[in-house]
Amino acid sequence: MGTALFIVDVQNDFTEGGALGVAGGDAVAEGVSRLLAEHAGDYDIIIASRDWHDGDNDNGGHFALSGDPDFVDTWPVHCVAGTQGADYDPGLVTASITHHVKKGQGKPAYSLFEGVTDDGETVEQLLDAHGIVDVDVTGIATDYCVRASALDAIAHGRHVRVLTGLVAGVAAKSSEAALAELAHAGAELVTS
């Protein structure tokens, strides 16, 4: 019975000053780094995801290349593979991360479960291989990728704790709704 930590999309384009920066993004990066400094040994595996979009197309309609984005299904260009925007926020200390997954390569992707390692391993394979039962979830954005990742972890039979002090969302109302939805689905909301 192992435990995993998910660090969802703590990237430059999602923290302050990025293409889709959210308020509190830098604080999440620094808070997760403190968690890792003090508690990395509590986790059997630590998985960090990054949006990793193609730069030469609309990524299955994810990028609004013509017209304005609706900020629901279409977004400004962000987290293009190999760019500074796709890099982890500099406040996130990555030394303790055991697995890195990239998601959204040529298509929309919100959940960390849609990502794969550079070796092609899926998150589900990683969790199964390490006997992971419990998952703590941190990252950005509460109302999109954190929500989707936590719901997928529940759907894959894991006990999920969302560390509410280590997430940041696009908007307060939708983030509150996402946390309520996660609690209703069985996630434990933990003040961190």
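Further up the page is the structure itself.
Residues numbered from 1 in each chain as written. Predicted model: local features only at pLDDT ≥ 70, side-chain atom pairs only at ≥ 80, totals over all residues. Heavy atoms only, no water.

Caption draft 1: Molecular detail of the sheet that holds strand β3 (residues 99-103). The strand order β3-β2-β1-β4-β5-β6 describes an open sheet built from 6 strands, whose pairing is parallel. Each edge of the sheet is formed by a strand with only one pairing partner; in this case those strands are β3 and β6 (188-190). Strand-to-strand, the axes of this sheet are offset by a mean angle of 25°, without reference to chain direction. Direction of pairing for strand β1 (residues 2-8) relative to strand β2 (residues 45-51): parallel, over a ladder of 5 bridges. The residue bridging Val8 from the neighbouring strand is Ser49, located in β2. Docked against the sheet, helix α1 (residues 25-39) engages β1, β2, β4 (132-140) and β5 (159-168), running at close to 125° with respect to β5. (Pairing = 2+ DSSP bridges. Helix = DSSP H or I, 4+ residues; strand = E, 2+ residues; numbered from the N terminus. Axes fitted to C-alpha atoms, helices over the stretch in contact; angles between N-to-C directions. Contact = heavy atoms within 4.5 Å.)

Caption draft 2: Spatial organisation of the pattern of salt bridges. Going through the model one piece at a time under the given rule, you end up with 6 salt bridges. The residue Asp51 makes a salt bridge to Lys103 at a minimum N-O spacing of 2.6 Å. Of this pair, Asp51 sits in strand β2 while Lys103 sits in strand β3, and the two are 52 residues apart along the sequence. Using a relative accessible area of 2% as the deciding quantity, one classes Asp51 as buried. Here Glu181 ties to Arg147 by a salt bridge, and the two come within 2.6 Å at their closest N and O atoms. Taken together, the residues span a long stretch of sequence, with Glu181 in helix α4 (residues 172-185) and Arg147 in helix α3 (residues 142-155) at a distance of 34 residues. For Glu181, a relative accessible area of 33% translates into the label partly exposed. With a relative accessible area of 27%, Arg147 lands in the partly exposed category. Each of Asp9, Asp51 and Lys103 takes part in salt bridges that share partners, so that together they form one network. (Salt bridge = Lys/Arg side-chain N within 4 Å of Asp/Glu carboxyl O. Buried < 20%, exposed > 50% of the residue type's maximum accessible area, 1.4 Å probe, protein only.)

Caption draft 3: Molecular detail of α4. Over its 14 residues, α4 runs 20 Å from end to end, which matches the ideal 20 Å to within 8%, given 1.5 Å per residue. Among all positions of α4, only Ser175, Ala178, Leu179 and Leu182 are buried. Angular distribution of buried residues about the axis of α4 spans 95°; they occupy a single face of the element. Exposed residues on α4 whose side chains face more than 90 degrees from its buried face are Lys173, Glu176 and His184. The inward-facing, buried residues of α4 contact α3, β5 and β6. Gly186 occupies a position one or two residues after α4 and carries a positive phi of about 120°. (Expected span 1.5 Å × (residues − 1). Arc of directions from axis to C-beta.)

Caption draft 4: Quick look at the packing of aromatic side chains. Under the definition given, this model contains 4 aromatic pairs. Judged by centre distance (5.9 Å) and plane angle (85°), the ring pair of Phe71 and Trp75 falls under edge-to-face. Its relative accessible area of 41% is what places Phe71 among the partly exposed residues. Overall, Trp75 belongs to the buried group, its relative accessible area being 6%. Between Trp75 and Tyr144, the aromatic rings sit 5.1 Å apart at their centres with planes inclined by 90°, giving edge-to-face as the arrangement. Highlighted residues: Trp75 in the loop between β2 and β3 and Tyr144 in helix α3, separated in sequence by 69 residues. The ring centre of Tyr88 lies 4.5 Å from the NZ or CZ of Arg50, which sits over that ring. One Lys or Arg, Lys102, reaches over the ring of Trp52 and ends 4.3 Å from the middle of that ring. (Phe/Tyr/Trp six-rings, centres within 6.5 Å; stacked < 30°, edge-to-face > 60°. Lys NZ or Arg CZ within 6 Å of the ring centre and 35° of its normal.)

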